[in-house]
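For reference, the chains in residue letters:
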Amino acid sequence: MTMMLEKSWRSLLDEEVKKPYIADLKQYLEQEVKEGKVVYPPMDEVFAAFRYAPFEKVKVVIVGQDPYHGPNQAEGLCFSVKPGIKIPPSLKNIYRELIEDVGITMPTHGSLVSWAKQGVLLLNATLTVRQGEPKSHYGHGWETFTDKVIGELSKREDPLVFLLWGRSAAEKCDTILDRCEHPHAVFKAAHPSPYSAENFFGCRHFSKANECLAKWGKEPIDWQV
């Protein structure tokens, strides 16, 4: 399973993936499939976020909770759905903020692959989910693995922008980032879910991220999808 990691991440996480909890996680996922459970995303897309954004090319980190749990939605990138799939409410709200913040044209699809290819790591805290059951794969090891990923990013001297939406993303990253001095820019807002989006709108995180990248001499993100 972890051999599917992109080579720079695989090298960085070599010791982590040898730990017993990873073997237990692999066994758990295999048992889910053996019992006839449908797991998303497809196994060859579980590590898509890493494939599109190698460690040294990451410029922005966005942390989600777990993959979409409907058929054909999840593609291994948080908040992103495959082309042709109805745009979920949270992503619609992200697009609304983008229109107000940086003036994009309303996208006709929900795939954020173009962001990932520019160095936006779209990382879910849990990388798999059972069909129709949100958070069904919490507590089986993924959170430990993604904590390690964020920990490695936090050690980088080359600065990053962290966009943390919602309490769970903020708490996950704060716990790690607070352990060390770092050069990174961290922006927080409410989750873009319809339940909390009124406190997400107006955060202007996308223009703020690009201002930081420009200040650091990096190419800003083209947020149009």
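For the structure itself, look to the data block above.
Keep in mind it's a predicted model, so treat the numbers as computed, not measured.

Chemist: An account of the overall build of the protein chain is needed here, citing residue identities and associated values.
Modeler: Scanning the protein chain for helices and strands turns up eight helices and six strands. Taken from the N to the C terminus, the helices and strands of the protein chain come in the order α-α-β-α-β-α-α-β-β-α-β-α-β-α. Relative to the 2.2 N^0.38 estimate, which gives 17 Å for 225 residues, the radius of gyration of the protein chain is 17 Å and therefore close to what a compact globule would have. With respect to the three principal axes, the spread of C-alpha positions in the protein chain is 45 × 40 × 25 Å. Burial status across the protein chain gives 57% buried among its 225 residues. A fraction of 72% describes how many contacts in the protein chain between residues 6 or more apart in sequence connect residues 24 or more apart. Surface accessibility of the protein chain: about 10500 Å² in total, with carbon and sulfur atoms responsible for 50%. Measuring between centres, the 28 positive side-chain charges of the protein chain sit 2 Å from its 30 negative side-chain charges.

Chemist: Give a detailed account of helix 6 (residues 142-154), specifying residues and quantitative values.
Modeler: Here helix 6 spans 18 Å end to end across 13 residues, near enough to the 18 Å set by a 1.5 Å rise per residue. Helix 6 sits mainly inside the fold: ten of its 13 residues count as buried. Listing the buried residues of helix 6 in full gives Trp142, Glu143, Phe145, Thr146, Val149, Ile150, Gly151, Glu152, Leu153 and Ser154.

Chemist: Residues and numbers for the nonpolar core, please.
Modeler: Counting residues in hydrophobic clusters, the biggest one holds 71 residues, and the most contacted among them are Trp9, Ile62, Trp115, Leu121, Phe145, Leu153 and Trp223. Beyond its immediate chain neighbours, meaning those up to four positions away, Leu121 contacts Trp9, Ala49, Phe50, Ala53, Val58, Val60, Val61, Ile62, Val149 and Leu153.

Chemist: Describe the side chain of Lys59, with residues and values.
Modeler: Looking at the secondary structure, you find Lys59 in the loop between helix 3 (48-52) and strand 2 (60-64). Lacking a salt bridge, the buried Lys59 has Glu219 as its closest oppositely charged neighbour, with an N-O distance of 6.5 Å.

Chemist: Requested: an account of the pairing of strand 6 (residues 185-189), with residues and values cited.
Modeler: Residues Ala185, Phe187 and Ala189 point to one face of strand 6 and are all buried, whereas Val186 and Lys188, pointing to the other face, are not buried. Pairing of strand 5 (residues 161-165) with strand 6, which is carried by five bridges, proceeds in the parallel orientation. Opposite Leu164, over in strand 6, you have Lys188 as the bridge partner. Following the chain from strand 5 across helix 7 (residues 167-177) to the adjacent parallel strand 6, one finds a crossover that is right-handed.

Chemist: Break down helix 4 (residues 89-102) for me, citing the residues and quoting the values.
Modeler: If you check helix 4, its first and last C-alpha atoms are 20 Å apart, about what 14 residues at 1.5 Å a residue would give, namely 20 Å. Residues of helix 4 that are buried in the fold lie against helix 5 (113-117), strand 5 and helix 8 (205-215). A positive backbone phi angle near 75° is found at Gly103, which sits one or two residues after helix 4.

Chemist: Can you break down the layout of surface pockets residue by residue, with the values?
Modeler: Estimates place the volume of the largest pocket at around 430 Å³. For the lining of the largest pocket, the residue count by class is eight nonpolar, twelve polar and three charged. Forming the boundary of the second largest pocket are 13 residues, of which Ala125, Tyr138, Ser168, Ala169 and Lys172 lie nearest the centre. If you list the elements that add at least two residues to the lining of the second largest pocket, you get strand 2, helix 6 and helix 7. Element by element, the count of residues in the lining of the second largest pocket is highest for helix 7, at three residues.

Conventions adopted
- Residues numbered from 1 in each chain as written.
- Predicted model: local features only at pLDDT ≥ 70, side-chain atom pairs only at ≥ 80, totals over all residues.
- Heavy atoms only, no water.
- Helix = DSSP H or I, 4+ residues; strand = E, 2+ residues; numbered from the N terminus.
- Rg over C-alpha atoms; globule rule 2.2 N^0.38 Å.
- Buried < 20%, exposed > 50% of the residue type's maximum accessible area, 1.4 Å probe, protein only.
- Contact = heavy atoms within 4.5 Å.
- Areas by Shrake-Rupley, 256 points an atom, 1.4 Å probe, with all protein chains shown as cover.
- Lys, Arg positive; Asp, Glu negative; His and termini not counted.
- Charge placed at Lys NZ, Arg CZ, Asp CG, Glu CD.
- Expected span 1.5 Å × (residues − 1).
- Core = buried A, V, L, I, M, F, W, Y, C linked by side-chain atoms within 4.5 Å.
- Salt bridge = Lys/Arg side-chain N within 4 Å of Asp/Glu carboxyl O.
- Pairing = 2+ DSSP bridges.
- Right-handed = clockwise from strand over helix to strand, strands pointing away.
- 1 Å grid on protein atoms, 1.4 Å probe; cavity = no way out; pocket = protein on both sides within 12 Å on 5 of 7 lines; lining within 4 Å.
- Points joined across faces, edges and corners; volume = space filled by probe spheres on them.
- Nonpolar A, V, L, I, M, F, W, Y, C, P; charged D, E, K, R; others polar.

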